[in-house]
Amino acid sequence: DRTITLPDATGTLLNSDGDGSSLTNTSGKSAYLEATFDVSTASGTLALTGAGFTPSMAICFIGPTSGSAGRIFSLGGGDGAGNEGCVFDRHNEVSTTTLRNSTASMKYVVSASADHTFDIASFDSDGLTFNTSKNGSPTGTAFIGVFCFG
C-alpha cells in the first residue's frame, strides 16, 4: 500500500516515496468526441478521432438527431478490455422500458426488431473505435457523444 498526499505544500502530487515517481494513471487527460451515424449502415466499425491521446476509459451516449426515427437515449461506457455496458430506454417498442445491455457501450433502438449496438473495439492513439452491429432494418440518424479519459 502507498500513502498519497494531495498535494504537498508546493502543489506536487506525492506518494510514500516522496517524489510521485511510482504513481500511475495520473495523466488526467480528457476529451469529448461526437459524430452522427446512419443506423441503416451495415455492421462494421466506427472510428472517432480527435482526442489527442490514447484513452483508457470512455463514457458514451447516443440519441436521435432531430426528425430521426427512434425515441431512445442510451448511456454507457467501457474500458476497452471488454468491460462495458449501457442502459437504454425502449420507448419506441411495445412499452416504455429501461433495460441494460452488458456487452455494448451504446444501443440505438428503433423498434422491437430493429436496432444498432456499439461496443468498444479498441482505444487508439487519437480516440477509439467501435464495433457496430445492425439488427433488422433500423433507419434514422443517431447523434453519438463520447467523453474519453486517459
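Structure first, text after, so check above.
Calculation rules
- Throughout, residues of each chain are indexed from 1 in the direction in which the sequence is written.
- Predicted model: local features are reported for residues with pLDDT of at least 70 only, side-chain atom pairs are reported and counted for 80 or more only, and whole-chain, interface and lining totals are derived from all residues.
- The basis for every side-chain value is the complete set of non-hydrogen atoms in the structure, without hydrogens or water.
- Note on terminology: a nonpolar core comprises buried Ala, Val, Leu, Ile, Met, Phe, Trp, Tyr and Cys residues joined through side-chain atoms within 4.5 Å.
- Buried residues are those whose accessible area, probed at 1.4 Å on protein chains only, stays under 20% of the maximum for their type, while exposed residues exceed 50% and partly exposed ones sit between those limits.
- Starting at the N terminus, helices and strands are each numbered in turn, a helix being any DSSP run of H or I of at least four residues and a strand any DSSP run of E of at least two.
- Only heavy atoms matter for contacts: two residues are in contact if any of them lie within 4.5 Å across the pair.
- Here the aromatic set is Phe, Tyr and Trp, taking the six-membered ring for Trp, and pairing holds for ring centres within 6.5 Å; pairs whose planes are under 30 degrees apart are stacked, those over 60 apart are edge-to-face, and all others are tilted.
- Two strands pair under a simple rule: DSSP has to find at least two bridges between them.
- To define axes, lines are fitted to C-alpha atoms, for helices over the stretch in contact only, and angles between the resulting N-to-C directions are given on a 0 to 180 degree scale.

### Quick word on the nonpolar core
For step 1, the next point in the chain: Of all hydrophobic cores here, the largest spans 29 residues; its most connected members are Leu48, Phe118, Leu128, Phe130, Ile144 and Val146.
For step 2, the next point in the chain: Among the elements of the structure, strand E1 (30–38), strand E2 (44–49), strand E3 (57–64), strand E5 (84–89), strand E7 (106–111), strand E8 (114–124), strand E9 (127–135) and strand E10 (141–149) are those that each provide at least two residues to this core.
For step 3, the next point in the chain: Excluding anything up to four places from it in sequence, Leu128 contacts Leu33, Leu46, Ala47, Leu48, Ala58, Ile120, Ser122, Phe123, Val146 and Cys148.

### Some words on the packing of aromatic side chains
For step 1, the next point in the chain: Counted by the stated rule, this structure contains six aromatic pairs.
For step 2, the next point in the chain: Measuring from ring centre to ring centre gives 4.9 Å for Tyr32 and Phe147, while their planes differ by 45 degrees; the resulting arrangement is tilted. Pair noted here: Tyr32 is in strand E1 and Phe147 is in strand E10, with a separation of 115 residues, a long-range link.
For step 3, the next point in the chain: Taking relative accessible area as the criterion, Phe147 reaches 38% and is therefore assigned partly exposed.
For step 4, the next point in the chain: For the pair Phe37 and Phe118, a centre-to-centre distance of 5.2 Å together with 80 degrees between the ring planes defines the contact as edge-to-face. Here Phe37, found in strand E1, pairs with Phe118, found in strand E8; they are 81 residues apart in sequence, far enough to count as distant.
For step 5, the next point in the chain: Residue class for Phe37 comes out buried when judged on its relative accessible area of 8%.
For step 6, the next point in the chain: Judged by relative accessible area, which is 0%, Phe118 ranks as buried.
For step 7, the next point in the chain: Through pairs of rings, three or more aromatic residues link up here, namely Tyr32, Phe61, Phe143 and Phe147.

### Quick word on the sheet that holds E8
For step 1, the next point in the chain: An order of E2-E9-E8-E7 is seen for the four strands of this open sheet, with the pairing classed as antiparallel. Lying at the two open borders of the sheet, with one neighbouring strand each, are E2 and E7. Sheet twist, expressed as the average angle between the axes of neighbouring strands with direction ignored, equals 25 degrees.
For step 2, the next point in the chain: Note that E7 and E8 share five bridges and pair antiparallel. Of the residues in E8, the one forming a bridge with Ser111 is Ala114.

### Points about the side chain of Thr132
For step 1, the next point in the chain: Note on placement: Thr132 falls in strand E9.
For step 2, the next point in the chain: By relative accessible area, Thr132 is classed as buried at 6%.
For step 3, the next point in the chain: Contacts of Thr132, omitting those with residues within four sequence positions, involve Phe37, Ala42, Ser43, Gly44, Thr45, Leu46, His116, Thr117 and Phe118.

### Comments concerning the pairing of E9
For step 1, the next point in the chain: Two strands pair when backbone bridges link them, and E2 and E9 are joined in this way by six bridges, in the antiparallel orientation. When the bridges of E9 are listed, Gly44 appears paired with Thr132.
For step 2, the next point in the chain: Here E8 runs beside E9; their pairing, made up of nine bridges, is antiparallel. Bridge pairing in E9 places Asp124 opposite Gly127.
For step 3, the next point in the chain: Here E8 folds back onto E9 in antiparallel fashion, the turn holding two residues.

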